[in-house]
Amino acid sequence: MEKPSHHSLLFCSFLVIMITSTKTFFVVSLSSDGEALLSLISAADQSAKASSSILSSWNPSSQTPCSWQGITCSPQNRVISLSLPNTFLNLSSLPSQLSSLSSLQLANLSSTNISGAIPPSFGLLTHLRLLDLSSNSLSGSIPQELGQLSSLQFLYLNSNKLSGGIPPYLANLTFLQVLCLQDNLFNGSIPSQLGSLVSLQEFRVGGNPFLTGEIPAQLGLLTNLTTFGVAATGLSGVIPPTFGNLINLQTLALYDTEVSGAIPPELGLCSELRNLYLHLNKLTGSIPPQLGKLQKLTSLLLWGNALSGAIPADLSNCSSLVLLDASANDLSGEMPADLGKLVFLEQLHLSDNSLTGIIPWQLSNCTSLTALQLDKNQLSGTIPWQVGNLKYLQSLFLWGNLVSGTIPASFGNCTELYALDLSRNKLTGSIPEEIFSLKKLSKLLLLGNSLSGGLPRTVANCESLVRLRLGENQLSGQIPKEIGQLQNLVFLDLYMNHFSGHLPLEIANITVLELLDVHNNYITGEIPSLLGELVNLEQLDLSRNNFAGKIPWSFGNFSYLNKLILNNNLLTGAIPRSIRNLQKLTLLDLSSNSLSGPIPLEIGYVTSLTISLDLSLNGFTGELPETMSSLTQLQSLDLSNNFLYGKIKVLGSLTSLTSLNISYNNFSGAIPVSPFFRTLSSNSYLQNPRLCESTDGTSCSSRMVQRNGLKSAKTVALVSVILASVTIIVIASLVVVVRNQRYAMEKSSGALAASSGAEDFSYPWTFIPFQKLSFTVDNILDCLKEENVIGKGFSGIVYKAEMPNGQLIAVKKLWKTKQDGDPVDSFAAEIQILGHIRHRNIVKLLGYCSNRSVKLLLAVEPQVGDGLHIVEWVKKKMGSFEPTVSILDAKLQGLPDQMVQEMLQTLGIAMFCVNSSPAERPTMKEVVTLLMEVKSPPEEWGKTSQPLIKQSSNQR
């Protein structure tokens, strides 16, 4: 055979190589599991592919995906695990192709930014043992196909936007050990069928606010359960006694719900229980002594219920207890001395109850205590000196009790103490100097006792002090100059004591000071001009002392000041023109001094003045500056008892006024014509004989305010009584006539008889209630009177209406539209929507009547104090000399300073929203902007070391 030539050999070799190369190219192809996984990449955000080191390892040229990060395969190269937690996929939906991973046992796509629904095809993953889709944005309901995952042991769907009911078919997952559905939008009730999941160890459905109904008693069959979390839901009914069967239960998180009834004593059988969270419910009855059997219990939270009776001494048998909080209940009786046996106890909160008797000295045996809060009770006796044994104590609250005796010097041994509040008791004696040796003490509050003696100079040793509040005592002597060394002091309250001498200049060194209150003392001398260096000051009250001299020009440096109160002193001279710099000032009280000169025009530039401006009982002269017309937010103005003259037309621009007194001056001319001025009595103008009434606000009518030379208040009062009597007689006569006419009309025609002045309510009315009501349209119309007006807005007037059964409601009567015959369909549709909304922050709409459209709201609360509506009450409080914080619920006043300040700022915004002049109210857009400026970062909260806050468990 002929030998091949050299060239032919080369040619053959080349062909083999090409063939081999061609075969290699066609043999390498990605497995079907790999193709299914690539559907994640194709659906993922492009930026996710580029930025993820995990996804970049997914090479489509691979034969199998077994080498890819996040993937685990079986020996047969089938994908059995897909784990990509915290990988930014940014998927708009889960690809259904993943359901072809028929060998998949573990799927973890938590925190991957996935939205859309859970694919029903996931029900085909029958080998799946773990499915974790938590912390995404998944929506829709749980597909019923998931009930086919017969091998599933762990199901995490928490922290999404899933809705609908919790499906009963989850009961088919007989091997399920963990079911986490918390923090979603599920509604309906908990299916009783879930009681068949006997392998279940962790069941969490908390944080679903629309979840309602009772807790099924069948869940007591889940004897392997270690965690049961249903907090922050709408669940109601009682705690099932069957829960006593849960012998392996370690955490029961059932707080912030509508659950009521008694705490079942059967819980004492849950011998493994570590954490029992039952706070913020509607529980009643007593604390069952059987809870004392829980020797492994570390946290017992019962606060914010309506529990009554005594604290059972049996709780002292809970030898592992670290946290016990039963505050804000109706507990009574004495504190059990046996609580001193709880040597591991770190926090004991029993505040806001009705406890009586003494504070047991045995509590000093709880040497691990860091927080002891017994405030707002009726405890008596003395503070045990043994309290000094609590070496780790950080906060002690005893305020609002009946504790007497002296403050133990042994507090000086509590070297970790940062908050001590003994206010509102009956303590006597002096403040022990040992307290000021505490290097960590941040807050010392001793308000409202009968403490005497001086403020020790050793106060300077306590450099950590942030709040020093000693008001309402009998402390005397000079304020020590050493107080100026407290460089961290924010609040300094020394009011209503017997301090005398000069105000020390050294106070000006405390540059972080925000509140300085020394009112009602015997302090003399001039106000130090150096106080102007306190540039962070927000409230300054030097009233009711014996300060003399001028108001310092340096007060213009107070750019954050919102209250300046200097009344009842001996101050002289003029108001400094630097006052225009106080652009956050809401209240200015300079009354009862000897100030003189004209009211400076600069005062009109302080447009932040909203609460009160009081310049009464001084020697001011001249005319009112035109710039005062800019004070459109001002609610109260008192210029009485001065030597002011000229016209008061400028006061007509103050559209927010609710109180005015310009008596005992020499004003002249026409009284402004406005709704507010029409409501004023002559007492607001006494001894201004040249003032006159007017129809146009410019020229005088024939009638003078004090016609016939009425000079004295006594004469005016007499005339007022006579006029009032005549008015009553006339009104009574009119009522009789109107009633007779009304009765005749009703008898003859049966028409509605509800008329008010020029208004006509006789048209036929349509009444659409949104629930069963026990009153009629007639009852509502009878209440639409001027004396029942509680508010006015752009859209109408709000009336307070008391129904025949005593129920208080609010009725909003809408303004008549400009064009008759306007369509009301859109209004009716809106009302229908509002009528079916149920939210804790939205007032419930009872129904509506249509003619010129009247809306009914269930909005009127009982009178809050002094017989005032809540808005009036808040205005009165803000205009008083009390600290603004007193408006807040006492339970909120112990929160961190920054949080309290945010609340007060929010309150200020709210007051803008209820301005008596609708035109001055902010728009909702402006409100949102203001609210966004209020919020501070959480790291700011701890700057002033407030007492311990309620710590809600994160178990749901």
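Residues numbered from 1 in each chain as written. Predicted model: local features only at pLDDT ≥ 70, side-chain atom pairs only at ≥ 80, totals over all residues. Heavy atoms only, no water.

Caption draft 1: Highlighting the overall build of the chain. Within the chain, the regular secondary structure consists of 10 helices and 56 strands. Within the chain, buried positions represent 48% of all 956 residues. Counting contacts in the chain only where the partners sit at least 6 residues apart, residues at least 24 apart contribute 52% of the total. A total of about 43500 Å² of accessible surface is found on the chain, and carbon and sulfur atoms cover 55% of it. (Helix = DSSP H or I, 4+ residues; strand = E, 2+ residues; numbered from the N terminus. Buried < 20%, exposed > 50% of the residue type's maximum accessible area, 1.4 Å probe, protein only. Contact = heavy atoms within 4.5 Å. Areas by Shrake-Rupley, 256 points an atom, 1.4 Å probe, with all protein chains shown as cover.)

Caption draft 2: Fine view of the pattern of salt bridges. Applying the stated rule across the entire model yields 10 salt bridges. With a shortest N-O distance of 2.7 Å, Lys-282 and Glu-258 are connected by a salt bridge. With Lys-282 in strand β16 (residues 282-283) and Glu-258 in the loop between β13 (251-253) and β14 (260-261), this residue pair connects regions lying 24 residues apart in the sequence. When salt bridges with common partners are traced through the structure, they connect Glu-272, Arg-274 and Lys-296 into a single cluster. (Salt bridge = Lys/Arg side-chain N within 4 Å of Asp/Glu carboxyl O.)

Caption draft 3: Main features of the sheet that holds strand β22 (residues 354-356). Pairing is parallel in the open sheet, where 3 strands are placed in the order β18-β20-β22. Every interior strand has two partners, whereas the edge strands, β18 (308-309) and β22, have only one. Note that β18 and strand β20 (residues 330-334) share 2 bridges and pair parallel. Its bridge partner being in β20, Gly-309 is matched across the sheet by Leu-331. (Pairing = 2+ DSSP bridges.)

Caption draft 4: View of unusual backbone geometry. For Asp-256, which is not a glycine, the phi torsion comes out positive at approximately 55°. With respect to the secondary-structure elements, Asp-256 resides in the loop between β13 and β14. Unusually for a residue other than glycine, Asp-352 sits at a positive phi of about 60°. Of note, Asp-352 is situated in the loop between β21 (347-349) and β22. Using a relative accessible area of 19% as the deciding quantity, one classes Asp-352 as buried.

Caption draft 5: Broad picture of the confidence of the model for the chain. For the chain, per-residue confidence averages 84 on the pLDDT scale, and residues scoring 70 or more make up 79% of the total. Low confidence marks residues 705-760, where pLDDT is under 50. Its contacts with residues over four positions away, or in another chain, come to 37 contacts. (pLDDT = per-residue confidence, 0-100.)

Caption draft 6: Highlighting the environment of Asn-557. Summarising the element assignment, Asn-557 is placed in the loop between β37 (546-549) and β38 (563-565). When the C-alpha positions of Asn-557 and Leu-582 are compared, they lie 7.6 Å apart, and in sequence the two are 25 residues distant.

Caption draft 7: A look at the state of the cysteines. Applying the stated criterion to the full structure yields 2 disulfides. Two residues, Cys-66 and Cys-73, share a disulfide whose sulfurs are 2.2 Å apart. What sets the handedness of the Cys-66 and Cys-73 disulfide is the S-S torsion sign, and at about -100° it is left-handed. For Cys-66, a relative accessible area of 24% translates into the label partly exposed. Here Cys-692 connects covalently by a disulfide to Cys-700, the sulfurs 1.7 Å from one another. In this structure the cystine formed by Cys-692 and Cys-700 twists about its S-S bond by roughly -65°; its chirality is therefore left-handed. (Disulfide = S-S within 2.5 Å.)

Caption draft 8: Representation of the packing of aromatic side chains. Inspection of the entire model under this criterion finds 6 aromatic pairs. Geometrically, the ring pair formed by Phe-555 and Phe-558 is tilted, given 4.9 Å between the ring centres and 45° between the ring planes. Comparing Phe-555 with Phe-558, the two get one shared label, buried. For the pair Phe-676 and Phe-677, a centre-to-centre distance of 5.5 Å together with 80° between the ring planes defines the contact as edge-to-face. Judged by relative accessible area, which is 15%, Phe-676 ranks as buried. On the accessibility criterion, Phe-677 (6% relative accessible area) is buried. Taken together, the aromatic side chains of Phe-203, Phe-228 and Phe-243 make up a single cluster linked through ring pairs. When the ring centre of Phe-491 is taken as reference, the NZ or CZ atom of Arg-467 above it lies at 4.2 Å. (Phe/Tyr/Trp six-rings, centres within 6.5 Å; stacked < 30°, edge-to-face > 60°. Lys NZ or Arg CZ within 6 Å of the ring centre and 35° of its normal.)

Caption draft 9: Just the pairing of strand β39 (residues 570-573), in detail. Judged from the 2 bridges that link them, β37 and β39 form a sheet pairing that is parallel. Among the inter-strand pairings, Gly-549 is bridged to a residue of β39, identified as Leu-571.

Caption draft 10: Fine view of the UniProt feature "binding site: ATP" (unreviewed entry) in the chain. In the numbering adopted here, UniProt assigns the feature "binding site: ATP" (unreviewed entry) to Lys-813. Along the chain, Lys-813 turns up in strand β54 (residues 808-814). (UniProt positions renumbered as here; feature names shortened; annotations may be inferred.)

Caption draft 11: Here's a closer look at helix α2 (residues 32-43). Between its first and last C-alpha atoms α2 spans 17 Å; for 12 residues at 1.5 Å apiece the expected length is 16 Å, and the two agree. Among all positions in α2, only Asp-33, Gly-34, Ala-36, Leu-37, Leu-38, Ser-39, Leu-40 and Ile-41 are buried. (Expected span 1.5 Å × (residues − 1).)

Caption draft 12: Representation of the environment of Leu-283. Considering the arrangement of structural elements, one finds Leu-283 in strand β16. On a C-alpha basis, the gap between Leu-283 and Gly-304 in space is 8.9 Å, while along the polypeptide they are 21 residues apart. Discounting chain neighbours no more than four positions away, the residues touching Leu-283 are Ile-239, Val-259, Ser-260, Gly-261, Ile-263, Leu-278, Asn-305, Ala-306 and Leu-307.

Caption draft 13: Just the pairing of strand β47 (residues 666-670), in detail. Of all 5 residues in β47, 4 are buried; the element is thus mostly enclosed. Two elements, strand β45 (residues 643-646) and β47, share 2 bridges in a ladder whose sense is parallel. Residue pairing across strands places Tyr-645 opposite Asn-666, the latter belonging to β47. Of the strand pairs in this sheet, β47 and strand β48 (residues 690-692) are connected by 3 bridges, and their pairing is parallel. Across the sheet, Ala-670 pairs through a bridge with Cys-692, a residue of β48.

Caption draft 14: Representation of the environment of Asn-805 within the structure. Here Asn-805 lies in the loop between β53 (796-802) and β54. Overall, the relative accessible area of 47% leaves Asn-805 in the partly exposed class. In this structure, the C-alpha to C-alpha distance between Asn-805 and Ser-774, residues 31 residues apart in sequence, is 7.8 Å. Reaching out from Asn-805, the side chain makes a polar contact with the backbone nitrogen of Gln-807 at a distance of 3.0 Å. (Polar contact = N/O pair within 3.5 Å; in protein donor to acceptor, adjacent residues only side chain to side chain.)

Caption draft 15: Local environment of the sheet that holds strand β29 (residues 452-453). The sheet built from 11 strands is open, its strands ordered β29-β31-β33-β35-β37-β39-β41-β43-β45-β47-β48 with parallel pairing. The sheet is open, and its two edges are formed by β29 and β48, each paired on a single side.

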